[in-house]
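Coordinate analysis (summary)
One letter stands for each residue in the lines below.
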Amino acid sequence: MIKKQNTSEFFNKNGFAIIKNKFSKEVKDIKLEVIDYLNFFGKKNNLTSGKDKNYDDLVKKIMIPGTRLRTFIYDSAPFLTSIQKLNHHPYIKKFLKEFGYKKPVCVDMSNIRFDMKKKKELKFLRGVHQDIRSIRSKKTVTIWIPITKVDKKHGTVVMYPKTQNFGLLRHVYKPNLLIENKDLPININEMEKNKFVINANPGDIIVFNCFTLHRSEKAKIDKVRSVIQLTYTDISEVDMTDNLFFLNSEFDAFAKKDRSLNSTLK
């Protein structure tokens, strides 16, 4: 593999890239605002004193599975100013142009994840998949920005290099969207031999082609893993005939009718 993981050559060859230490200040601002936000609603719902400073403890107290408060936090936290600022950050457009995206545009709103090492939380981890809900054109990427440490110990994402060229693959719900081993273009054992485990610090940027196969890596320690995620596409690459721009709206039909994902393109 190429030594420099932040180059356009590495990205176009492997389907992902890692840009180190570009959003350190932005991530610090996000973490402070999220702590303040969680404290406010924690106190309002009698879950905290409203003065907690420990990010891990605060998230665990507030983000209780199955509660309306948890759903509310997930749905409303993306509106926070510090997170909103990333939606159209000029640096994202700059490096995507360097990677060969002529007209990169943000096609969704930044969102934040809170992953915890609890048995009930494991269902939210994903097996091998593509980011099919995000795809708008053949050149669509997920921007993944850790606000906590991510690695094999803390939990992370595993990339399978050079898998972005296999096109759209069939997904099923088990219980989240994933690709069954029989539908993978490469034997899963071979894929695991060549996997790339993302090791990144708060403020690093991981960018990957939405067609690149990847999966979640379960944490080995009891620490909250948080990342910001958003999607960009090269709007100049939109092709009405391939239906990718409309895939998201068609996807609901696929889910309800239990059709193969590829059937939405026929």
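In this report, the structure presented in the accompanying data block is examined. Residue positions are counted from 1 within each chain, in the order its sequence is given. Given that the model is predicted, a residue must reach a pLDDT of at least 70 before its local features are reported, and side-chain atom pairs must reach 80 or more before they are shown or counted; all residues, however, enter totals for whole chains, interfaces and linings. Only hydrogens and water are removed before side-chain values are computed, so all heavy atoms of the structure are retained for them.

Two strands qualify as a pair provided DSSP detects at least 2 bridges between them. Here a strand is any run of E in DSSP of at least two residues, a helix any run of H or I of at least four, and the numbering for each starts at the N terminus. Relative to strand 10 (residues 214-217), strand 5 (residues 156-159) runs antiparallel, the two sharing 4 bridges. When the bridges of strand 10 are listed, Val157 appears paired with Ser216. Direction of pairing for strand 5 relative to strand 8 (residues 196-197): antiparallel, over a ladder of 2 bridges. Considered in strand 8, the bridge of Met159 is made with Phe196.

Assignment of secondary structure puts Phe79 in the loop between helix 4 (68-76) and helix 5 (81-84). For the pair Phe79 and Met109, spaced 30 residues apart in sequence, the C-alpha separation works out to 8.7 Å.

Glancing now at helix 3 (residues 55-62). Under the scheme applied here, a residue whose accessible area is under 20% of the maximum for its type counts as buried, over 50% as exposed, and between as partly exposed, the area being computed with a 1.4 Å probe on protein chains only. Buried residues of helix 3: Tyr55, Asp56, Leu58, Val59 and Ile62, and no others. Around the axis of helix 3, the buried residues are gathered within 165° of arc, so they sit on the same side. Side-chain atoms alone can form a polar contact between residues adjacent in sequence; in general such a contact is a pair of N or O atoms within 3.5 Å, and within protein one must be able to donate a hydrogen while the other accepts it. A side-chain oxygen of the first residue of helix 3 lies 3.1 Å from the backbone nitrogen of Asp56; this N-cap is Asn54. For this quantity, the arc is that covered by the directions from the helix axis to the C-beta atoms.

Moving on: the side chain of His154. Position of His154 relative to the elements: it lies in the loop between strand 4 (140-146) and strand 5. With sequence-adjacent residues up to four places away left out, His154 is seen in contact with Lys149, Ala219, Ile221, Lys223 and Arg225. Throughout, a contact is declared for two residues whenever any of their heavy atoms are within 4.5 Å.

Another point: helix 6 (residues 90-98). Each α-helix turn comprises 3.6 residues. Residues three or four places apart therefore point the same way. Along helix 6, the residues classified as buried are Tyr91, Ile92, Phe95 and Leu96. Projected down its long axis, helix 6 shows its buried positions confined to an angular sector of 130°, all on one face. Residues of helix 6 that are buried sit in contact with strand 1 (16-19), strand 2 (104-106), strand 4, strand 9 (205-209) and strand 11 (225-234). Trailing helix 6 by a residue or two, Gly100 shows a phi angle of about 100°, which is positive.

In this structure, Arg70 sits in helix 4. The exposure class assigned to Arg70 is buried, which follows from its relative accessible area of 7%. Of note is the side chain of Arg70, whose polar atom sits 3.1 Å from the backbone oxygen of Met63.

Within this analysis, patches are made of residues with over 30% relative accessible area and no salt bridge. Like charges are joined at 9 Å or less; nonpolar side chains (Val, Leu, Ile, Met, Phe, Trp, Tyr) at 5 Å or less. Only the protein chains shown count as cover for residues, and the accessible areas themselves come from Shrake-Rupley with a 1.4 Å probe. The salt bridge criterion pairs a side-chain nitrogen of Lys or Arg with a carboxyl oxygen of Asp or Glu, the two atoms within 4 Å. Together, Ile235, Met240, Phe245 and Phe246 line one region of the surface with nonpolar side chains, adding up to about 360 Å² of accessible area. Tracing the chain through its elements places Phe245 in the loop between strand 11 and helix 8 (247-257). Residue classification places Phe245 among the partly exposed residues on the basis of a relative accessible area of 32%.

Between side chains of opposite charge, a pair can form as their charged atoms come close. Summed over all chains, the structure comprises 17 salt bridges. Lys25 serves as the salt-bridge partner of Asp29, at 3.1 Å between the closest nitrogen and oxygen. A residue pair is termed a helical-turn pair when its members lie 3 or 4 positions apart in one helix, as Asp29 and Lys25 do in helix 2 (residues 24-44) at 4 residues. Taking the relative accessible area as the measure of exposure, Asp29 reaches 34% and is therefore partly exposed. Note on Lys25: relative accessible area 58%, which makes it exposed. In this structure, Asp52 engages Lys61 in a salt bridge whose closest nitrogen and oxygen atoms are separated by 2.8 Å. The class for Lys61 is partly exposed, based on a relative accessible area of 35%. Connected through salt bridges with shared partners, the residues Glu192, Lys195, Arg215, Glu217 and Lys220 form a single ionic network.

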